[in-house]
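# Results of the structural survey
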Amino acid sequence: MNNVKLLDCTLRDGGYYNSWDFDVSLIQDYLIAMDEISVDYVELGLRGFSKDGFRGACAYTTDNYIKKLVIPEGIKIGVMINASDLVKYPDGIEMALSKLFAPASESPVSLVRIACHVHEFEQALPAVSWLKNQGYMVGFNLMQIGDRSEEEIKNLAYAASQYPLDVLYFADSLGSLSPEDTSQIIQVIRQAWKGPLGIHTHDNMGYALANSMRALEEGVTWIDGTVTGMGRGPGNAKTEYLAIELEEYRNGSINITPLMKLIEGYFLPLQQRCGWGTNTFYYLAGKYGIHPTYIQEMLSDSRYIEEDILAVIEYLKSEGGKKFNINTLEAARNFYSGDPTGTWKPADVISNKEVLIIGTGPSIVKHRQALEDYIRSKQPYVIALNTQSHISSDLINVRAACHPVRLLADSSLHTTLPQPLIIPASMLSHNINKAFSGKKLLDFGISIQENTFKFDANFCVLPNSLVFAYALAIAASGNASRILLAGFDGYGADDPRTSEINNLLNTFTRVSNTPPVISITPTQYKISTSTVYAF
């Protein structure tokens, strides 16, 4: 254990959240904190050629920039380059490296790590010889190894053994490995690679620390972490945890106080804003071998509600999502097959009637008696969303539901409710329709197109898959005289869902000839309001 090297790559891996734009004062405090917990190497950032968009200094981590920092004596500095930058360089790998690196004797950098996908690995390996001749320590990070066969892994390890590589890393890129999987991969690599071995773990399934410690037990001597696990999506093994675990195995003691102050004052507030760290969605992605960037993109996009994310995971689980592709994400989001179509026409029952849409907010319970009195007196056409059950069942005309994940989740309850159910039945899978066997369904079609509301006799085009949008479209397609809302309280001014609903309502009301929309219970949304007690 005395030979174990602890490497922190917070500023490199965490830079994806702030474009590698870290304040120099923060970096100085961070370097001191790393020294106090006996980190051996700090990977200050990337080094490469990209000039697209603004990126801070740690995206390039030049020698001139590093020389302006005060580096504690106990810390060695590393940078990472992407193999793709080397193999795609028009004048060849050596020319690319000569543009990026001076001889090590003239540089503050000690370690150069190359992040490499399997298909680039053998092509990029000659970079080892060039960098070693310049005096650098060299590591290769082999990514997405978890889904490779034993024979493939052994061949890659053998290829690495033909070069003077200082450390061969493997990365659990999809966060899908268990400690047992980690052990098995190490044993396979060891059949062909006898040199130092390193691991970079991701925390999709909460195994980052356990996998790191299991790797150490299996003889791995290089281990990565980031402060608070800061990194894309679910993040990495936490450096502060690794330092604590390693303290009893390494000579000397650590002082974690400076790091904890830095976490409290900087990294935790940044984490609250950026949202790295594992959750159920990342866990599922890890379990099914789905690239975590899919989850990260959806969580940062207000168009995706929880049901959307689960539906996309289900799609990628069967179609494959090991490599992130934005076009694949858009295709996965299209839950409804074919052109919009349906067999039920809302106008046959709604035309010129008042429509009351019942939501699920607490105001429904508080004002239930007044709402029920109004329904009995005025006889509006009442649409309840999903399985809402606060209003007396005999006062609800129909229920509306449209999201495939929500429909499956609620199918058994829907079959016990007496009202007909409006769903886009013609556009949903056989499994969903089978779940509603014996239930009276009103088939109203749906298509999703951003920032769009369109209404046809038997289908609609919506900006998202929210059932509220679907209910508004049903009323508009049916030529309702006006739309009353009850139970749409809102989520709070700072909640992104409030902005999403406001945008939805704004988009709807801008369409010509849509019925007026009025909330008759308290709401935080930017919509006309009245009160159920005045009608």
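Moving on: the pattern of salt bridges. Counted by the stated rule, this structure contains 13 salt bridges. Across the pair Arg113 and Glu43 runs a salt bridge whose closest N-O atoms are separated by 2.7 Å. With a gap of 70 residues between them, Arg113 in strand β4 (residues 109-116) and Glu43 in strand β2 (residues 41-46) connect regions that are remote in the sequence. One exposure class covers both Arg113 and Glu43, and it is buried. Ionic pairing is found between Arg148 and Glu152, a salt bridge with its closest N-O pair at 3.3 Å. Exposure remark for Arg148: the relative accessible area of 32% places this residue in the partly exposed category.

Now for the nonpolar core. Within the largest apolar cluster, 93 residues are counted, with the highest numbers of intra-cluster contacts made by Met34, Phe101, Phe121, Phe140 and Ile189. With 6 residues, helix α3 (residues 24-36) is the largest single contributor of residues to this core. Ignoring sequence-local partners within four residues, the contact set of Met34 consists of Asp8, Val39, Val42, Ile75, Val227, Thr239 and Leu259. The next biggest cluster of nonpolar side chains, apart from the first, holds 66 residues, and it includes Leu442, Cys460, Ile501 and Ile527.

The N-to-C vectors of helix α10 (residues 179-189) and helix α11 (residues 208-217) enclose an angle of 35 degrees; their axes lie 9 Å apart at closest approach. Here the hand of the crossing between α10 and α11 comes out right-handed. On α11, the residues that touch Pro179, Glu180, Thr182, Ser183 and Ile186 of α10 are Ala210, Asn211, Arg214 and Ala215. Residue classes in the contact of α10 with α11 are distributed as 4 nonpolar, 3 polar and 2 charged.

This brings us to the layout of surface pockets. Of the pockets and cavities examined, the largest pocket occupies roughly 1,300 Å³. At 4 residues, helix α15 (residues 292-299) tops the list of elements feeding residues into the lining of the largest pocket. Across the lining of the largest pocket, the residue classes tally to 16 nonpolar, 20 polar and 13 charged. The volume enclosed by the second largest pocket comes to roughly 950 Å³. Along the walls of the second largest pocket sit 36 residues, with Ile305, Glu306, Leu466, Tyr491 and Arg497 positioned nearest its centre. Looking at the lining of the second largest pocket, the elements that each hand over two or more residues are α15, α16 (306-319), α23 (467-477) and α24 (496-510). Counting residues per element, the lining of the second largest pocket draws most heavily on α24, which supplies 4 residues.

What counts as what
- Position labels on residues start from 1 in each chain and follow its written sequence.
- The predicted origin of the model limits local features to residues at a pLDDT of at least 70 and limits the giving and counting of side-chain atom pairs to 80 or more, whereas totals for whole chains, interfaces and linings rest on all residues.
- Based on all heavy atoms of the structure, the side-chain values leave hydrogens and waters out of the count.
- When a carboxyl oxygen of Asp or Glu lies within 4 Å of a side-chain nitrogen of Lys or Arg, that pair is called a salt bridge.
- The helix count covers DSSP runs of H or I at least four residues long, the strand count covers runs of E at least two residues long, and both are numbered beginning at the N terminus.
- For the exposure calls, accessible area comes from a 1.4 Å probe over protein chains only, and a residue counts as buried if that area is under 20% of its type's maximum, exposed if over 50%, partly exposed in between.
- For this analysis, a nonpolar core means a set of buried residues of the types Ala, Val, Leu, Ile, Met, Phe, Trp, Tyr and Cys, connected via side-chain atoms within 4.5 Å.
- Residue contacts follow a heavy-atom distance rule, with two residues in contact if any of their heavy atoms lie within 4.5 Å.
- Axis definition: a line fit to C-alpha positions, over the contact stretch in the case of helices; interaxial angles, taken between N-to-C directions, run 0 to 180 degrees.
- Rotating anticlockwise by less than a right angle from the far helix to the near helix defines a left-handed crossing, while the corresponding clockwise rotation defines a right-handed one.
- Under the grouping applied here, Gly and all other residues not named as nonpolar or charged are polar, the nonpolar ones being Ala, Val, Leu, Ile, Met, Phe, Trp, Tyr, Cys and Pro and the charged ones Asp, Glu, Lys and Arg.
- Buriedness of a pocket was judged along seven lines, with at least five required to meet protein on both sides within 12 Å; pockets are open sets of points on a 1 Å grid over the protein atoms alone, cavities are sets where a 1.4 Å probe fits but cannot get out, and lining residues have an atom within 4 Å of a point.
- Grid points are joined across faces, edges and corners, and a volume is the space filled by probe spheres set on the points.

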